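Structural features, examined
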Amino acid sequence: MDKTLQMYLDRLKKLDIRKMYEGDFFLTWEKTDQELEAVFLVADALRYLREHNLSTRIFETGLGISLFRDNSTRTRFSFASACNLLGLAVQDLDEGKSQLAHGETVRETANMVSFMADVIGIRDDMYIGKGNTYMHEVVDAVTQGHAEGVLEQKPTLVNLQCDIDHPTQCMADMLHIIHEFGGVENLKGKKIAMTWAYSPSYGKPLSVPQGVIGLMTRFGMEVVLAHPEGYEVMPEVEEVAKKNAEKTGGSFWKTNSMDEAFQNADIVYPKSWAPFAAMEKRTQLYAQGDSQGIQALEKELLLQNAGHKDWCCTEERMAATREGKGLYLHCLPADINDISCQDGEVEASVFDRYRTQLYKEASFKPYIIAAMIFLAKCQDPHGMLNTLYQQNKKRQYSK
């Protein structure tokens, strides 16, 4: 066995990850350090096997159900790729074409789509207090269905983005960082700036900045959250970040200056999001069916955004990063000046220079999702990875 794959397996075997079997993945901060490490290791191992043309199918049949309540390109295709990588077919649950439109309950729908489903991936990030709660309702329903003999198996739930966290994105970001800096052991003390950036649209979810500060603070990094006044994130997630930093010897602090955040940063993540208070108000207006109130709020927030067009990732700000070589991250798609919009999150020259690295960053997501599923479905993940290697079954046959 190649020493790289052997290293992944040796490290994985030492971890206590028993609780991941038949489990679900909601928020990164609900997982132990060893469980997060296992996701990274399995993701790397699966990627290794595929790059060496070895099959990673652990299912002969089965279904992955995807439910996207918000638009998606990368995450949608990443989930489909991850399921296919492990041998599962994918079926999208289109609520507009289902009986949900006729008042079918969450409990009923969850069981009806899960007869042969091994995983359910859900993206529900638009409304504060709703997305993560809905995911738990789905899990409760299929858990009961399995216990009562309705379902032959309990599908694993993977959070593909909720109102609180975007774990598959942030863990893909983190694995990209780990590879760029040559290992987790090299991250302690590194400065990452999670900063708000201007966008000509309103209502972007909070889950990416919250996911970043909730995860990156677990690695002893110096994490700074920067935004104009009034663009706060959920206070409970800030508390998670503070506790993580205290535990790992890193730091977490906030600033209302983008320049201060970029100064000597090793990594920058300029990304627009809507104010927490505004997202709460938006959720209430939608619940009340107040279309006029929603339109008024949108105008208010667009005007508020327009007062901060100077919050942009510029060449000048990138020059202020560590030796002018800070790593630029984005979950994509970015609002690029003079390309996707007149004024946006990042200057075109900056984005273009980091384009290849951004694509590499995104390429980790299918493997992160596959690893989450793998660890929930394999009681002995170390043994299963070894079996996949030893069976030497080619993914793509050639003469």
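An account of the accompanying structure is given in this report. Quick caveat: nothing in here was measured; it's all calculated off a predicted structure.

Calculation criteria
Residues numbered from 1 in each chain as written. Predicted model: local features only at pLDDT ≥ 70, side-chain atom pairs only at ≥ 80, totals over all residues. Heavy atoms only, no water. Helix = DSSP H or I, 4+ residues; strand = E, 2+ residues; numbered from the N terminus. Rg over C-alpha atoms; globule rule 2.2 N^0.38 Å. Buried < 20%, exposed > 50% of the residue type's maximum accessible area, 1.4 Å probe, protein only. Contact = heavy atoms within 4.5 Å. Expected span 1.5 Å × (residues − 1). Pairing = 2+ DSSP bridges. Axes fitted to C-alpha atoms, helices over the stretch in contact; angles between N-to-C directions. Polar contact = N/O pair within 3.5 Å; in protein donor to acceptor, adjacent residues only side chain to side chain. Right-handed = clockwise from strand over helix to strand, strands pointing away. Salt bridge = Lys/Arg side-chain N within 4 Å of Asp/Glu carboxyl O. Arc of directions from axis to C-beta. Core = buried A, V, L, I, M, F, W, Y, C linked by side-chain atoms within 4.5 Å.

As for the overall build of the protein chain
Of the regular secondary structure elements, the protein chain holds 16 helices and nine strands. On C-alpha atoms alone, the protein chain measures out to a radius of gyration of 21 Å, which is about the 21 Å that the 2.2 N^0.38 rule sets for 399 residues. With respect to the three principal axes, the spread of C-alpha positions in the protein chain is 55 × 55 × 45 Å. The buried share among the 399 residues of the protein chain stands at 56%. Taking the contacts inside the protein chain whose residues are at least 6 apart along the sequence as the reference set, 82% of them involve residues at least 24 apart.

Examining helix α10 (residues 276-288)
In an α-helix, one turn spans 3.6 residues, which is why side chains three or four residues apart end up on the same side. Counted at 1.5 Å a residue, the expected span for α10 with its 13 residues is 18 Å, and the 19 Å between its end C-alpha atoms agrees. The set of residues buried in α10 consists of Phe276, Ala278, Met279, Arg282, Thr283 and Leu285. Buried residues along α10 sit against α8 (235-248) and α11 (291-306). Two residues or fewer after α10 comes Gly289, characterised by a positive phi angle close to 65°.

So, the sheet that holds strand β9 (residues 327-328)
Pairing within the open sheet is parallel, and its five strands lie in the order β7-β6-β5-β8-β9. Across the chains shown, the open sheet's two edge strands, defined by having one partner strand only, are β7 (251-255) and β9. Its contacts with the sheet put α8 on β6 (222-226) and β7, and the angle it makes with β7 is roughly 140°.

Focus: the side chain of Thr217
Among the structural elements, Thr217 can be located in the loop between α7 (207-216) and β6. One polar contact links Thr217 to Asn244, side chain to side chain, over a distance of 3.2 Å. Those residues within four positions of Thr217 in sequence are excluded, and the remaining contacts are Val212, Val223, Ala241, Asn244, Ala245, Thr248, Ser251 and Phe252.

Considering the pairing of β7
Here five bridges tie β6 to β7, and the two strands are oriented parallel to one another. Within β7, the position partnered with Ala226 by the bridge is Thr255. Regarding the hand of the β-α-β motif, the stretch spanning β6, α8 and β7 is right-handed.

A closer look at the pattern of salt bridges
By the definition in use, this model includes 17 salt bridges. A salt bridge links Arg18 to Asp16, with the nearest nitrogen and oxygen atoms 3.0 Å apart. Measuring nitrogen to oxygen at the nearest pair gives 3.4 Å for the salt bridge that ties Arg123 to Asp125. You'll find Arg123 and Asp125 in the same group, each marked buried. One connected set of salt bridges, linked through shared partners, spans Arg69, Glu95 and Asp124.

So, helix α1 (residues 3-13)
Looking only at α1, the buried set comprises Leu5, Tyr8, Leu9 and Leu12. The buried residues of α1 occupy one face: seen down the axis, they fall within an arc of 95°. Structurally, α1 contributes buried residues whose contacts are with α2 (33-51) and α16 (381-391). A distance of 2.7 Å separates the backbone nitrogen of Thr4 from a side-chain oxygen at the start of α1, and that oxygen is part of Asp2.

Describing the sheet that holds strand β1 (residues 63-68)
What the four strands build is an open sheet, ordered β2-β1-β3-β4; its pairing is parallel. For this open sheet the edge positions go to β2 (89-92) and β4 (156-162), each flanked by a neighbour on one side alone. Ignoring strand direction, the axes of neighbouring strands in this sheet form an average angle of 20°.

Notes on the nonpolar core
Among the nonpolar cores identified, the biggest contains 123 residues, and Met174, Tyr328 and Leu385 are the most heavily contacted of them. Ranked by residues supplied to this core, first place goes to α2 with eleven residues. Residues within four places of Tyr328 in sequence aside, it is in contact with Val268, Pro270, Cys313, Met318, Ala334, Val346, Phe351, Tyr354, Leu358 and Glu361.

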